[in-house]
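Chains, contacts and geometry: an overview
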Amino acid sequence: MNYRPKHAGSGPASNSLRILEIVARFGTGTTAKEITDALRMPPATAYRLLNALVGDEYLVRTSDLRGFALGHAISGLVMAATPPTVPTAARTVIEGFRQGNRFGVHLFMFINASLRIADEDPDYPLHSVFEMLRYPQTSAAGKLMLAELGDPAFPLPDRQLLKLTEHAITESGKLEEQLREIRLTGHASAINELGSGSASLALPVRLPNGSAGGALCLTGPAERFTTICGHADAARELTSRLSPLLF
């Protein structure tokens, strides 16, 4: 079998990714010969890249040392490309809460210090999704995650405190002040920070140990933020129902 994607590159990075894809396709125990045959790659090149991938734990050698399998370092890549799993029971509960409400109801998960969309409201889609995920300090769900982490500098280097709108937080001291308040109140909000005219309110969905593993986020126009906040108690009750279904 020969496997070579159309327009495939031939540099080290491209070849390494192609090797990983072959091991993923062939499964545990894939041999070096199977890789070189499938990719028409010189053995010397393949062995050099295989040793590097094993060293970085993207691949591991099988117990008999005759083949290779995907290593634990690849799990981060897979997780980043795979939407979080939400059980049907949890989706049903969320959908029931959405009925009759004229604002967005979204579920986010906190995975590896990053914000992930788990269940987006189809009737009120999220806006500025790239900015929301890239700059978590601009949204209520993102602020809740940063408050839970304790040290916002870990996922949020100074270069990310960009001024997306005139109301966006650009000073680390002001951000930390807000995060301290979020830890005290147990909820987060953002008004005109992700985009002009936008507002969001986020409440934590807690893990069994009490820490937040995700957030239920209510979104809508900034002028309706008071109305959205009027549903905070009902939303908090919903998070209590969601916790055992998700975690």
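See the structure shown above.
Let me begin by describing the structure that accompanies this report. (Residues numbered from 1 in each chain as written. Predicted model: local features only at pLDDT ≥ 70, side-chain atom pairs only at ≥ 80, totals over all residues. Heavy atoms only, no water.)

Looking now at the side chain of Glu193. Mapping Glu193 onto the fold places it in the loop between β5 (188-191) and β6 (198-206). For Glu193, a relative accessible area of 7% puts it in the buried group. Within the structure, Glu193 has its side chain in polar contact with the side chain of Lys143 (distance 2.9 Å). Contact partners of Glu193, with chain neighbours within four places excluded, come to Gln137, Thr138, Lys143, Leu164, Thr165, His167, Ala168, Ile169 and Ser198. (Helix = DSSP H or I, 4+ residues; strand = E, 2+ residues; numbered from the N terminus. Buried < 20%, exposed > 50% of the residue type's maximum accessible area, 1.4 Å probe, protein only. Polar contact = N/O pair within 3.5 Å; in protein donor to acceptor, adjacent residues only side chain to side chain. Contact = heavy atoms within 4.5 Å.)

By definition, the strands of a sheet pair up through backbone hydrogen bonds, in either a parallel or an antiparallel sense. Strand order in the open sheet made by the 5 strands is β4-β3-β7-β6-β5, with antiparallel pairing throughout. Because the sheet does not close on itself, it has two edges, and the strands there are β4 (114-119) and β5. Neighbour-to-neighbour, the strand axes of this sheet turn through a mean angle of 30 degrees, independent of strand direction. Direction of pairing for β5 relative to β6: antiparallel, over a ladder of 4 bridges. If you follow Ile191 over to β6, its bridge partner there is Ala199. In the packing of helix α10 (residues 232-246) onto the sheet, the strands contacted are β3 (104-111), β6 and β7 (212-221), and the crossing angle to β6 comes to about 40 degrees. (Pairing = 2+ DSSP bridges. Axes fitted to C-alpha atoms, helices over the stretch in contact; angles between N-to-C directions.)

Turning our eyes to something else, we now look at α10. Here α10 is 15 residues long and its end C-alpha atoms lie 20 Å apart, about the 21 Å a rise of 1.5 Å per residue gives. Looking only at α10, the buried set comprises Ala232, Ala235, Leu238, Thr239, Leu242, Ser243 and Leu246. Against α5 (88-98), β3, β6, β7 and α9 (225-229) lie the buried residues of α10. (Expected span 1.5 Å × (residues − 1).)

With that out of the way, let us pick up the packing of helix α2 (residues 32-39) against helix α3 (residues 43-55). Direction vectors running N to C along α2 and α3 enclose 120 degrees, while the axes themselves pass 10 Å from each other. Considered as vectors, α2 and α3 are oriented oblique to each other. Our pair here, α2 against α3, has a crossing hand that is right-handed. Along the contact surface, α2 presents Ala32, Ile35 and Thr36, while α3 presents Pro43, Ala46, Tyr47 and Leu50. Counted by class, the contact of α2 with α3 contains 6 nonpolar, 1 polar and no charged residues. (Parallel < 35°, antiparallel > 145°, perpendicular 65-115°, else oblique. Left-handed = near helix turned anticlockwise from the far one by under 90°. Nonpolar A, V, L, I, M, F, W, Y, C, P; charged D, E, K, R; others polar.)

Note that every value here comes from positions in space, so none of it alone points to a role or purpose.
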